[in-house]
Structures are given as structure tokens and as C-alpha cells.
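Overview (structure and organization)
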Amino acid sequence: MTSKILYNILRFVIVVFLQIFILENINLWGYINPYFYIYFILLLPFEVAGWLLLISSFLLGFTIDIFTGAVGIHTASSVLMAFSRPLIIKAIPSRKDFEPGMSPSVSDLGFLWFFSYSFILILIHHLALFFIEVFRFTDFFDTLLRVIISTIFTLILVIVAQYLFYKSSRNN
């Protein structure tokens, strides 16, 4: 149990570091903004209590907001994503029953399940993030295009990370 807590704390630190020092500097053509830090929320184990999921997501978003100078947009988007997570998990059919110690990953539930799960939650996060950032509907279609392209790019990063760390995600 302690090793899982330490593993998740380490994963928190790594995704924050990657987001702040590497990915925050990527803004291709004004449309592609990768937000890989949400990978932390995606991979939290199924048995994480709801209150802990929301607090962890709040702390993650708040940390990103502090380091990027944003005013709560990452916090709000992360908490919305975490709030939606249990509903999405129940809505996506799985061929396996969720067992203790299982995490939402390709190795535990297969590619199609993980792809659907990740895509929906990343889309929820990005819709909230970009529309809160713009905070007007005059640029609705431009913002929607940013959401779609950034969601695809972030999803690709998440899938690549799943396969790069396939063995470590299977053991944890």
C-alpha cells in the first residue's frame, strides 16, 4: 500500500515537471497545447476514494496554475475531469470486472477501453480548460478547433506513455 502511495506521489511530481518545464513551452500554430499532466488523474486506481480523487485533482490543477500563472483554469478543469471520471468508468463497458489493485490502463483493460476512457475525459478537461480560458462564445469555433486538436495531441501522448511504460503500469 505504501509503495502505491509513493508511486503515485512520484508520478504526480513527474507529470508536473514534464508539463511545466517541457510541454508548457509547446504551442504549435496557436492550436496544439499538450496537457499531459492529466495523465496522473487518468491512471489513479479504481478504488481511490472520491474525496481523495477530487483533492488530488485539485492539488494537481492548482500546482499547474501556480507555475504557469493561470488563474484557476487548470484547477477547475482538473476537478471537473475527476468529478466525471467515475461516471465515465461506469458508462464504458468492460470485458473484465474491476478488481482491487487494477488501474485504468491498456495492460489491465485493453486498448479500446483505455482509448475510449482517455478520449472522453481528456475532451471534458480540454472543453472546460479552453472555454474557461477564452470565457466568451464569440470565438466558439476557433476555440472548439483548439479543443479538438489539443485533445488529439494529448491523447496521442497518453497512449504513447501507456506503451512506453507498459511493464511498469502492469506491475502497479
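It should be noted that the structure appears before, not after, this text.
Residues numbered from 1 in each chain as written. Predicted model: local features only at pLDDT ≥ 70, side-chain atom pairs only at ≥ 80, totals over all residues. Heavy atoms only, no water.

**Topic: the packing of helix α3 (residues 50–68) against helix α4 (residues 73–91)**
Put simply, the rule is: A fitted line through C-alpha atoms represents every axis, and for helices the fit uses only the stretch in contact; the resulting angles, taken between N-to-C directions, go from 0 to 180 degrees. By definition, any uninterrupted DSSP run of H or I lasting at least four residues is a helix, any uninterrupted run of E lasting at least two residues is a strand, and each is numbered from the N terminus. For classification purposes, angles smaller than 35 degrees are called roughly parallel, those larger than 145 roughly antiparallel, those between 65 and 115 roughly perpendicular, and all remaining angles oblique. Left-handed describes a crossing whose near helix is turned anticlockwise from the far helix by less than a right angle; the clockwise case is right-handed. The contact rule is simple, with two residues in contact once any of their heavy atoms fall within 4.5 Å. Note that Gly is not counted as nonpolar here; it falls among the polar residues with everything else outside the nonpolar set of Ala, Val, Leu, Ile, Met, Phe, Trp, Tyr, Cys and Pro and the charged set of Asp, Glu, Lys and Arg.
Across the interface, α3 lies against α4 with an axial gap of 7 Å and an inter-helix angle of 160 degrees. As judged from the angle between their axes, α3 and α4 are roughly antiparallel. In this structure, α3 meets α4 at a crossing whose hand is right-handed. Between α3 and α4, the residues in contact are L53, L54, S57, F58, G61, F62, I64, D65 and T68 and I73, H74, T75, S78, V79, A82, F83, R85 and P86, respectively. Residue classes in the contact of α3 with α4 are distributed as 10 nonpolar, six polar and two charged.

**A few points about helix α6 (residues 111–134)**
In plain terms, the rule: Expected span of a helix, by definition, is 1.5 Å for each gap between consecutive residues, and there is one gap fewer than residues.
Between the first and last C-alpha of α6 there are 33 Å, a value that for 24 residues agrees with the 34 Å anticipated at 1.5 Å per step. Looking one or two residues past α6, F135 carries a phi angle of roughly 55 degrees, positive in sign.

**Focus: the packing of aromatic side chains**
The criterion, for reference: Any two rings among Phe, Tyr and Trp, with Trp reduced to its six-membered ring, count as a pair given centres within 6.5 Å; such a pair is stacked if its planes are under 30 degrees apart, edge-to-face if over 60, and tilted if neither. Using a 1.4 Å probe on the protein chains alone, a residue whose accessible area is under 20% of its type maximum counts as buried, one over 50% counts as exposed, and one in between counts as partly exposed.
For the coordinates displayed, the defined rule picks out 13 aromatic pairs. Measuring from ring centre to ring centre gives 4.9 Å for F17 and F21, while their planes differ by 50 degrees; the resulting arrangement is tilted. Of this pair, F17 and F21 both sit in helix α1 (residues 2–21), separated by four residues, roughly a single helical turn. Here F17 falls in the partly exposed class, since its relative accessible area comes to 48%. Here Y35 and Y37 contribute two aromatic rings whose centre-to-centre distance is 6.2 Å and whose plane-to-plane angle is 85 degrees, an arrangement assigned as edge-to-face. The pair Y35 / Y37 is uniform in exposure class, with both members buried.

**Re the packing of α4 against α6**
With their axes 9 Å apart at the nearest point, α4 and α6 run at an angle of 150 degrees to one another. Between α4 and α6, the interaxial angle falls into the category roughly antiparallel. Two packed elements cross with a definite hand, and for α4 against α6 that hand is right-handed. The segment α4 lies against α6, with I73, H74, A76, S77, S78, L80, M81, S84, R85, I88 and I89 engaging Y117, I120, L121, I124, H125, A128, L129, I132 and E133. The class makeup of the residues in the contact of α4 with α6 is 13 nonpolar, five polar and two charged.

**What to know about the environment of L145**
With respect to the secondary-structure elements, L145 resides in helix α7 (residues 140–164). Taking the C-alpha atoms as reference points, L145 and I32, separated by 113 residues in sequence, lie 9.6 Å from one another.

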